[in-house]
Every structure is written in structure tokens, then in C-alpha cells.
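So you can see what is in the structure, the chains are spelled out below.
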Amino acid sequence: MIVYGWGYFNRRDHSLVCSGCPKCGAYGYKHSYTSTRYVTLYWIPVVPTGRQKVISDCPQCGQALGMSYGKWKKLKNTELPKAVAAYERDPTNEEAAETVLGAVYNAQDESTLRKVGPEIRAAFAQNEKMMSLLAHSYSHLCMRTEAEEAYLHAMSLTDDEELTEDANAYIELQSQTKPSPPNRLLQSLPVLIVPAIILFFFMSYLGNITARGPSTAYLINGTDYDYQITLNGEVEALDAHSKIRTDNVLYGLNEITGTINGIPIKPIQYDLQVDRSERGSGGPLVIVNPDKSSVVITESTPYSERELTSNTYTYQFHTGKAFHVHDDIDYVFRDYPETVSIPSSSSIVYKTRISAFEEESTAEIASILLQNEKNNELKRFIKAKVDIGADDAMTIAYAQAFLDADYFEQITQTRIAERPVKIEWHRAYQTALKRTQSDAETEALYKTLSAAEPNNSALTYLYGRVVSDHGESVDVFERAVAQENPTGYAANALAYNYMLEGKYPLALDYIDKAVATNPDNPQFAGMRTKILYGLGSFATISKELDEDLTYPFQDYNAVMSKVYCLGRMRDPAAANALIQQFLSQIENNGEDPSYSRYDLQLTLAIAREDVGAVVSMTVDNTDDAWVFRTPMLTGQIEKASNAINGNADYAGILDHLTLFVLAQKKGEGAIAKSHLDTAIETLSAGSNDEKAWAQWLKGGVVPNLEDAIHTCVDLDYHFVYLAALAGVHSAEGPQFASHARSITPQPDFYTLALEPVL
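Owing to the predicted nature of the structure, the values given are computational and were not obtained by experimental measurement.

Structural notes on the overall build of the protein
Stage number 1. The helix and strand tally for the protein stands at 34 helices and 17 strands.
Stage number 2. Expected size for 758 residues packed as a compact globule is a radius of gyration near 27 Å; at 39 Å, the protein overshoots this value by more than 25%.
Stage number 3. Considered along the principal axes of its C-alpha atoms, the protein spans approximately 120 × 65 × 65 Å.
Stage number 4. Among the 758 residues that make up the protein, the fraction classed as buried is 44%.
Stage number 5. Considering only contacts in the protein between residues 6 or more positions apart, those separated by 24 or more positions represent 57%.
Stage number 6. Summing over all exposed atoms, the protein offers an accessible surface of approximately 38500 Å²; the carbon and sulfur share of this is 49%.
Stage number 7. One way to put it: in the protein the 64 positive side-chain charges average out to a point 4 Å from where the 98 negative ones average out.

Quick word on the sheet that holds strand β16 (residues 331-332)
Stage number 1. Across the sheet, four strands lie side by side as β14-β13-β17-β16; this open sheet has mixed pairing. Each end of this open sheet is capped by a strand with a single partner; those strands are β14 (314-318) and β16.
Stage number 2. With five bridges connecting them, strand β13 (residues 296-304) and β14 associate as antiparallel partners. From the neighbouring strand, T298 faces β14, where its bridge partner is Q316.

A word on the sheet that holds strand β15 (residues 323-326)
Stage number 1. Overall, mixed pairing links the four strands, which are arranged β8-β5-β12-β15 in an open sheet. Only two strands of the sheet have a single partner each, and these edge strands are β8 (243-245) and β15. Strand-to-strand twist of the sheet, defined as the mean angle between neighbouring strand axes without regard to direction, takes the value 20°.

Some details on the side chain of D57
Stage number 1. In this structure, D57 sits in strand β3 (residues 44-57).
Stage number 2. Polar side-chain contacts of D57 include one of 2.7 Å to the side chain of Y33.
Stage number 3. In this structure D57 touches R11, K30, H31, Y33, G62, Q63 and A64, once residues within four positions along its chain are discounted.

Examining the side chain of Q585
Stage number 1. Among the structural elements, Q585 can be located in helix α23 (residues 572-588).
Stage number 2. Discounting residues that sit within four places of it in the chain, Q585 has contacts with Y551, P552 and F553.

Considerations on the packing of helix α28 (residues 653-665) against helix α29 (residues 669-684)
Stage number 1. Where α28 contacts α29, the two axes come as close as 8 Å, and the packing angle between them is 155°. Judged by the inter-axis angle, α28 sits roughly antiparallel to α29. Of the two possible hands of crossing, α28 and α29 adopt the one that is left-handed. Taking contact as the criterion, the partners of I653, H656, L657, L659, F660, A663 and Q664 in α28 are, on α29, I671, A672, H675, L676, T678, A679, T682 and L683.
Stage number 2. Counted by class, the contact of α28 with α29 contains 10 nonpolar, five polar and no charged residues.

Section: a negative patch on the surface
Stage number 1. Among the surface-exposed residues, E128, D159, D160, E161, E162 and E165 lie close enough to one another that they form a single negatively charged patch.
Stage number 2. It is helix α6 (residues 161-173) that contributes the most residues to the negative patch, three residues altogether.
Stage number 3. Within the secondary structure, E165 is located in helix α6.

Regarding the pattern of salt bridges
Stage number 1. Taken as a whole, this structure holds 27 salt bridges when the rule is applied.
Stage number 2. Across the pair R121 and E149 runs a salt bridge, and its minimum N-O distance is 3.3 Å. With R121 in helix α3 (residues 110-123) and E149 in helix α5 (residues 144-155), this residue pair connects regions lying 28 residues apart in the sequence.
Stage number 3. Here R528 makes a salt bridge to D512, at a shortest N to O gap of 3.2 Å. Taken together, the residues R528 in helix α20 (residues 522-535) and D512 in helix α19 (residues 504-517) connect sequence positions 16 residues apart.

Criteria and thresholds
Residues numbered from 1 in each chain as written. Predicted model: local features only at pLDDT ≥ 70, side-chain atom pairs only at ≥ 80, totals over all residues. Heavy atoms only, no water. Helix = DSSP H or I, 4+ residues; strand = E, 2+ residues; numbered from the N terminus. Rg over C-alpha atoms; globule rule 2.2 N^0.38 Å. Buried < 20%, exposed > 50% of the residue type's maximum accessible area, 1.4 Å probe, protein only. Contact = heavy atoms within 4.5 Å. Areas by Shrake-Rupley, 256 points an atom, 1.4 Å probe, with all protein chains shown as cover. Lys, Arg positive; Asp, Glu negative; His and termini not counted. Charge placed at Lys NZ, Arg CZ, Asp CG, Glu CD. Pairing = 2+ DSSP bridges. Axes fitted to C-alpha atoms, helices over the stretch in contact; angles between N-to-C directions. Polar contact = N/O pair within 3.5 Å; in protein donor to acceptor, adjacent residues only side chain to side chain. Parallel < 35°, antiparallel > 145°, perpendicular 65-115°, else oblique. Left-handed = near helix turned anticlockwise from the far one by under 90°. Nonpolar A, V, L, I, M, F, W, Y, C, P; charged D, E, K, R; others polar. Patch = residues over 30% accessible without salt bridge, like charges linked within 9 Å, V, L, I, M, F, W, Y side chains within 5 Å. Salt bridge = Lys/Arg side-chain N within 4 Å of Asp/Glu carboxyl O.

As C-alpha cells, this is what we get:
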């Protein structure tokens, strides 16, 4: 015999009402609740028929009166407010008052009754009918004090026996103990819970082995673009840097077609072969990355009650592929839990998770891969970025450095032929041409390209980059700026030119033009900040930083820059207050603030040009470059030289050149020559500009001032090169030193160290 019926399960939002039962006539407390009504088979809920609001459930006979949850919500959220509004418009209208009490009664809204009840009582104090209705409403919602007062008021107006009986019944009911709501879990559990679980797992297993594809599959977008692809005939839309679940991955052959960043992708096919026995648990985890540029990370970490003697944490990076298939992943795009269950105190349990880089920039991801010595993964990552049309300077620079030369040349030839002009690809192309042809040939090539499209500002600018004569180059950039639809790169080039010449106001005019052309270009924004530093416009920089400094702070570099600006503005109190606020945030996150405190306080000391404070903070630092920089600040040349030779990994060209200048000034000729020779050796193996500086610093060739000014290896520290050149060529030294002073940027270690010389 099939036992079927219906019942309420998952009862919630319990409350009590006082009323009579229409079935058994019993007056008393009734349960009211929200529930879901199910058709039951053997008392097991099978098919939900909808949410219900049970108005009253009689504990005597089990009679439950209710309505659909949607109807009740409409009553509570629409009809009740409408009735209240109608009554408030005319508070002496008996019909409106009666309507609002009826709506309150049915909606069981105690808060509304508390609001309108006193108003009705005051407005209809002599109306026995309204007082009776008000008393019934109060008693129905178990508002004891209000109900008793209303009953007494109503009975003072009438001798109605029915009202008196109702009042006595309600008062008698108050002497009884209010029933507690039923246990939600117990009343929701079906009687045959075990067979239901068995049935569930059996159906789940059967569904998995007959499924058309794995139960867990994700589509992931690793690009800055929104795009659509067709996966096995179904269109899927992906927002930039997003991931979504998909049901369209199939066992067997999968095919992807589509367009990413306006570039049609070559159709991707992948044959996903999984034995039916392995499909029972849902199959493998499949991550589909049509753009191939996401970096997916798989990790395995141990859990144990005892201290582990070795680091058994392992991880892998996966990129450059459209399909990533993984088995036995515990946490998919979720963090590891703090704790897990383990069999015993001596056990080690390994858990795995999978994640992906999301908002990290190309530069940040490339840096992480390089730090982890994942050069092959970096090549695949960069190739994927290039294949989908990435044309930012950082991606192109990595492509030029790591991709196969023939492939890079092939893709470059494609990109430079595109219109609108891909400026960063042309810049890379111009750099590559330095290795294969003369500067004159490159200049002739771009002169021809520019002449073919004389109104193309981008080509005019690119021609200006390779013009050998500096004055003519500036003229070409000026022409590019004046053309219709000018490229911001031309104005940026002129800003760069005038920065090198120490003409910061003119440089600011041009960089503002560049930023106005393309506000989102990080090169232009960075150049503008450098120019503002050169102008000493720290208040402007500080104000602009405030947009990035909302609490809690997300950008450590912005905090550091703000501290620096406040130091330059001679407002150490505000700087220290910001530092303390940031350190408190770190502590609240359970992290050690020591390093950040040191770093920020050192930044403040440097900004204030307080050499004594810098020295006191760094004198005991034996872990980084300060081990040789601090002796430079204190004039201990020999100690600095020994330290720099013992910490070669931390010492760069700038450190050797600075020590050369300081040693020469103190008459330490041997030390000076040693560090100058080291700098020259490094420069000789570098770019053409670096090789030019190597020749000048050797002393045999004296550059004219214009060449020295405009042959820049490092924009931020060009003054260090000029200071060193002044030390090599004594006759021309004053002019080199004078210009070094004019372009000295914001104070840092090198400005503090060279201040006595410059």
C-alpha cells in the first residue's frame, strides 16, 4: 500500500496567537509559522507545493489554517501599508479603522498594531464596536496588557455577553504557561531519513555515471576584457577577470570558438576521456580558460597536531592552456580552513586547493613566476597574452625578453601593420632594429612610414623617437602634438625631454596634455608624479593620494607616498598619525607591524632630510643595502667599500657611482677607481645608452652637455650619473654638477649621500 499525503516541513518564524479553533472550538494559544508544504510519500517529503504562512495551528486537533506565502507577503507588505495609509489620512473614519484592524489581524503585525492601536482607541473611545474589535486584535496577537485594557474599556461601553466571555477566556488563558515552539530540526526530519539518504546517493551516483559531462567545471577569464565564446555549441559570456560555473563541458570531444579582444581565436579542441567508474563521484574538476592567460595554482598543505619537521607544502602553476583537468581537489576557489579533522594526534592529513590570479597585473604575475623560477610557465603566460592582442608596454617587454625570437619577430610584424597604430609594438620593434640594422636605416624607415601617413600623430611621434639629431627630434614631437587627434606619447616625450633639462614647469604642461589624451596610461601618470616631485608640489601629490587612502588602507605604496609628502611638507605630526593608523590596521589583522613601522619611519626621516635620524635607524641593519649605505652617509668610505664588496647582490651601478664620487672627494683614490671600474664594467655590457656612459666615465671621451643630459639610463637617478661624470672630467665638471643639482628629484638615500658634493 502506498502511503501518501501532505505535510508542513521546515517550519520557521514561529509566533503565538490567541484564538478559537474553527474545527474543535478550543480557545487558546495557537502556533503560527512559515513553512513549506510538501506532498509526502511514506512520510518523506517529495514534492514541494509552495511556501505557506500558517495563521494558526491548533494543538488540540491539529487543524492548520493558512494561505500561500506570496499572498501573505502581499497582505503584509502591500495591503496592510495601504490600509494604514488610508486610516492615517482619515483617522476618524470607522470603516478605515475597521479595515486596518482586519489587516493587522490577518497579517499578525504586532508593530503596526502598537502604532495604530492607541490612535484608534483615542479616536473611537465611545464606539463599543471599535473597542471590541481592538480588544480582539490585541488578544489575538497575545499583547496582554493592551488586550486587558481594551477589554475593560469595551465592557464599560456595552453589556454584550459574548464580549464578556471572550475577555474572561483571554484573562483565564494568561494564567496558563505559553507553549514553546516545536524543535525545528525534529519536526523537519522525515521519518524515513535513512532510506531517503540512500536513495539520494544512489540517484546521485547514477546521475554522475550517465552525465554528459563532469559535475564541476568552471570557465575562467584571465584578461582585462569581457568576451563571449561558444563552448560545444552554447554561448558563454565572461566578464573580465571572472570565473563562472558551466554545464557545457562534455565527456569526449570539446570545442571552443570565439573572439577575444577583437581577435578571432583558433578553434580549440580537447578530448576529455574519463572512465565511467571515475564519473561516479562527479568526475574530475575541469577549468576552461579560452584565452589561455589565466594562471591557475594547485596547492597541497599538511594538517597535523604535531609540529612538522619539514616543509611539505607544495604548489604548481598552470597557464597557457585552454583546459586544465584536476583530480582530488578539496577546495575549489576557496581558502583553506583553519582546522580539519584528523584520525589521530600522530596523523598528517593533506588537503588540496585550487585558485587563480585574478586582479594581479601582468607585471605582478610575471614577477611571481620569475621569483619561483617558473620560466616555462612565464613564457606560456606571456605568449597567451600576446596572442589575444595585449599591447601594454610590460607585456611586450616580457615577450621580447622571453619568447622565441622568430615568433616575436613574426607577431611584431603583424602588430606594426595594424591600424590604429600599436605604439608599444612599434617601440619594441625600434628597439629590436638596433640589433639588426643601423640607426640611420631605422630613421629612414620611419621617415618613410610617417611621410606615407602625414596626419598620423602616432607615426610622427615614432619617427621622432629615432631621429638622430636631438633638436630635430623635439621639432618632430612638437609636430605630432599639434596634429589632429594627437597621441599622448608625443606630449609625454616632450615632458621627458624637459624633465631631463630641468625645465619642470614646461614638462608639467606637456605631461598634462598627455594625461588628458589618455588618463588611464600608467606611464603618463607616473611621469606626472615625477614632475610634481621635481617641482616640489608635494601638497598637490598629497591631495591626489587622498583618493586612494580610504580606511581600511589597501595600497601600501600610497600610504608610503603620503607619509613622504607630509614629511616634505614639514608636517611630521600628520605623518606619524597616518603611520599609527596603518600599523593599527596591520595589528588588527593579526600581522606583525614591525617591518612596516621601520619602513615608514625611515621614509619620513628621509623626506625630512634628517641624516642623523636615517643613520640611527639603519646603523644596525645588516640584512640589506644599508649595511654599506649607512657608512656612506657617515663618511666611512673604507667601511662602505668593504661592505659593498661583501654584499655584491645588493649593490648596483648607482651605489658604485655614489661611492666613487664620495671616495674621490675624500681623496680615497684607490677606492674611488675600484668602484668606478665596477660601474663601467656593468654599463659596458648593457644597452647602447649604457655603453655610451661607460665610454664617458672611462675618461677618454668627453661628451657635450646636451648629449650627457639627453642620454638617460635612469630617469630617477640621472643626477647620479652626471655627478659621477663631473668627478671624471674635472674641467667640464662644474657644468655637469650644476645640471645634476637642477634635476635632483625628491630626497632619498642618493640625494642625501651626494648633497655635500652637489
